[in-house]
Amino acid sequence: MTEHKPNDSDRATAKAEKESLTAAELMGIMHGIMPFAVTGLALLAFLYTAYFAAELFLPVFFAVFLSIIIRPLVRSLTKLRIPQVIGALIVLICMIGVLAGATARLSTPAEQWLERLPSIQREIEAKLWPVTRSIEQAQQATEKIQDLADGNKKSVRNQEVTVKETSLLNRVFETTWFTIIQALIIFALTFFFLAQDIEKTRTVIRKLPLRDHRASIEDMFEAVQETITRFLQISAVIYISLGILTTLGMYILGMPNPILWGILAAVLGFMPYVGPLIVFACISVVSLLSFDNWWHMLAPPLFYGALTIVEGYFVTPAVLGRHLTVSPISVFLSMLLWTWVWGMAGALLAVPILVVFMTIARHLTSIIRSSMNSAPGPVERENNVLGVPS
C-alpha cells in the first residue's frame, strides 16, 4: 500500500485552515471588543448631550465641584454638634456674603477699566511711540515704493451696509438675568449636595441589581470621591495662595487695584495654560498704562510670570504629583474639548472632569477585565448547554 505524500496544494490548504479563525475565536474577539465599542458610543452620546444641554449640565457640574471644595467646612461644623443641614446653610450663606462683598468691592475698578477699553489702544500707541516710530517710518517708505510700482490703479469704493443689531443695553440685561438665574440654581444644588449624607448614596449603590460588581462599583464611587476631593481642595489652596501672593506683589509694586488681580489670578488659575496667559496679558497692559519708566512697566508682569512658573513647575507637581499624575497632553486635550463644548465655563471645569473620567476609566477597566476572566469560555458554554460536566 502506497503512502500519500502531501503535495504543495495540500500544504497550502492545511496552512490556510491553521491560520483561519474559528467561529469560537471570532466570537471571543467580538466579546472583547464589545465593551470598548459600547463605552465609546456612550462617551459620544454624552458629549453630544452636554453640548446641546449646556444650560442644564453646567450648574450641576459647578454645584458638585463647589460642594466638594467647601464640604470640609460643613464637616467641621458637624463636629461641633451642628446638624448637617444647618451647617450647610451657614457655610453657603457665608460664601454668598463673601462673594457679594467681593463683587461690590471690585465692581467699581472693573467698571473703570471696562470704560477705558475704547481708549486703551490709543494710550498704548502713545506709550510705545518711541519704540514704534522707526518701524512706522520704514513701513511708510515701503508703502510709497509700492504706490509708485502700482501706478495709477483705480480704487474700488466699498459700499457700507449697516445691520441693525440688538442694543447693548438689552444684551447686557438678558445676560445679567441669565447669570443670576444660573447662580441661584448652582447655590441651590450646592446646598442639596452638602446636606445629602454620603451614606445614603452608598446605600443606593448597594441596592443596585448588579450583584457581581456591586462591591467594585462602590469602590469606584469612593475612589472618585476621594480623588476629586483631594485634587480640588489642594488645587484651591494652591490657587488661593497664588492669588494672595499676587495681591501682595501688585500692592508692593504700586499696581492699581491689587485685589482685583489677585482674585483674577486665583480664579483663572483653575484654567491651565489659558488662565495664566489671560492674567499675564491684563497685568502687562495695566502696567504699561499706569507707569512711565520701563522698570515699573516690566516689574508686575515679570513678578506674576515668576510666580506662575514656580507654581506650575515646582509647587503643583510636588504636591499633587504624590497623589495624582495627569499627562500634560491629556490636560491640553481636555481643555480644548470642554472649551469647545461649554466655552469659558468648560475651561474652568476641564481638569476636574478629566480627573473624574480617569478614575472611572481605571476602575471600569478592572471591572471589565475581571468579568472577562470570570466569564466561561466557548467550550465551557457549549458543555453547559449540553449538560456535560467540565
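Quantities reported herein were computed from a predicted structural model and do not represent experimental measurements. (Residues numbered from 1 in each chain as written. Predicted model: local features only at pLDDT ≥ 70, side-chain atom pairs only at ≥ 80, totals over all residues. Heavy atoms only, no water.)

What follows covers the overall build of the chain. Across its full length, the chain carries 15 helices and zero strands. Of all 390 residues assigned to the chain, the portion counted as buried reaches 27%. Look at the contacts in the chain between residues 6 or more apart in sequence, and 70% of them connect residues 24 or more apart. By element, 67% of the accessible surface of the chain is carried by carbon and sulfur atoms, the whole surface being about 27,100 Å². (Helix = DSSP H or I, 4+ residues; strand = E, 2+ residues; numbered from the N terminus. Buried < 20%, exposed > 50% of the residue type's maximum accessible area, 1.4 Å probe, protein only. Contact = heavy atoms within 4.5 Å. Areas by Shrake-Rupley, 256 points an atom, 1.4 Å probe, with all protein chains shown as cover.)

What follows concerns helix α4 (residues 84–115). Along its 32 residues, α4 runs 45 Å from first to last C-alpha, staying within 8% of the 46 Å computed at 1.5 Å per residue. At S107, α4 shows its maximal bend, which comes to roughly 40°, and the proline P109 appears one to four places after that position. Among all positions of α4, only G87, A88, V91, L92, M95, L106, P109 and W113 are buried. (Expected span 1.5 Å × (residues − 1). Bend = angle between axes of the 7 residues up to and from the residue.)

Mean pLDDT for the chain: 77, with 69% of residues reaching 70 or above. Per-residue pLDDT, averaged within each element of the chain, yields its smallest value for helix α15 (residues 378–386) (47) and its largest for helix α10 (residues 258–268) (92). Here residues 152–165 is a poorly scored stretch, pLDDT under 50, and it has zero contacts once near neighbours within four places are set aside; other chains count. Scored below 50 in pLDDT, residues 378–382 shows two contacts in the model against residues more than four places distant or in partner chains. (pLDDT = per-residue confidence, 0-100.)

Between α4 and α10, the shortest axis-to-axis distance is 10 Å and the interhelical angle comes to 95°. Between α4 and α10, the interaxial angle falls into the category roughly perpendicular. Side by side, α4 and α10 meet where R105, L106 and W113 of the first sit next to I259, L260, W261 and I263 of the second. Looking at the contact of α4 with α10, its residues break down into six nonpolar, no polar and one charged. (Axes fitted to C-alpha atoms, helices over the stretch in contact; angles between N-to-C directions. Parallel < 35°, antiparallel > 145°, perpendicular 65-115°, else oblique. Nonpolar A, V, L, I, M, F, W, Y, C, P; charged D, E, K, R; others polar.)

This part is about a nonpolar patch on the surface. On the surface, Y273, V274, I329, F332, L333 and L336 cluster together into a nonpolar patch covering about 590 Å² of accessible area. When residues of the nonpolar patch are assigned to their parent elements, the largest contribution, four residues, is made by helix α13 (residues 328–342). Along the chain, the position of L333 falls in helix α13. (Patch = residues over 30% accessible without salt bridge, like charges linked within 9 Å, V, L, I, M, F, W, Y side chains within 5 Å. Salt bridge = Lys/Arg side-chain N within 4 Å of Asp/Glu carboxyl O.)

A full pass over the atoms with the stated rule returns 14 aromatic pairs. Taking 5.1 Å as the distance between ring centres and 20° as the angle between the ring planes, the aromatic pair formed by Y51 and W340 counts as stacked. With Y51 in helix α2 (residues 23–52) and W340 in helix α13, the pair connects residues that are 289 residues apart, well separated along the chain. You can call W340 exposed: its relative accessible area is 57%. Pairing F61 with F65 gives two aromatic rings, centres 6.3 Å apart and planes at 55°, and the pair type is tilted. On the criterion of helical spacing, the pair formed by F61 and F65 is a turn pair, its members being four residues apart in helix α3 (residues 54–79). Look at F61 and you get buried, because its relative accessible area is 19%. Its relative accessible area of 7% is what places F65 among the buried residues. An aromatic cluster is built from F46, F57, F61, F65, W338, W342 and F357, whose rings are joined through pairwise contacts. (Phe/Tyr/Trp six-rings, centres within 6.5 Å; stacked < 30°, edge-to-face > 60°.)

So, on to α13. Across its 15 residues, α13 extends 21 Å between first and last C-alpha, which sits within 8% of the 21 Å expected from 1.5 Å per residue. The complete set of buried residues in α13 reads V331, S334, M335, W338, V341 and W342. All buried residues of α13 project into a common sector of 140° when viewed along the axis, lining one side. Relative to its buried face, α13 has exposed residues pointing more than 90 degrees away, namely I329, L333 and W340. A positive backbone phi angle near 75° is found at G343, which sits one or two residues after α13. (Arc of directions from axis to C-beta.)

Further remarks concern unusual backbone geometry. Non-glycine residue N257 carries a positive phi angle of around 55°. Mapped onto the secondary structure, N257 falls in the loop between α9 (214–252) and α10. The class of N257 is partly exposed, set by a relative accessible area of 25%. For Y273, which is not glycine, the phi torsion reads 70° and is therefore positive. Structurally, Y273 can be placed in the loop between α10 and α11 (274–290). Overall, Y273 belongs to the partly exposed group, its relative accessible area being 41%.

Moving on, we come to the side chain of R71. Tracing the backbone shows R71 in helix α3. Given a relative accessible area of 14%, R71 falls into the buried group. Here the side chain of R71 touches F193 through a polar contact of 2.8 Å, landing on its backbone oxygen. (Polar contact = N/O pair within 3.5 Å; in protein donor to acceptor, adjacent residues only side chain to side chain.)

What follows is about the environment of L354. In this structure, L354 sits in helix α14 (residues 344–374). Apart from the residues within four sequence positions on either side, L354 is in contact with V326, S330, V331 and S334.

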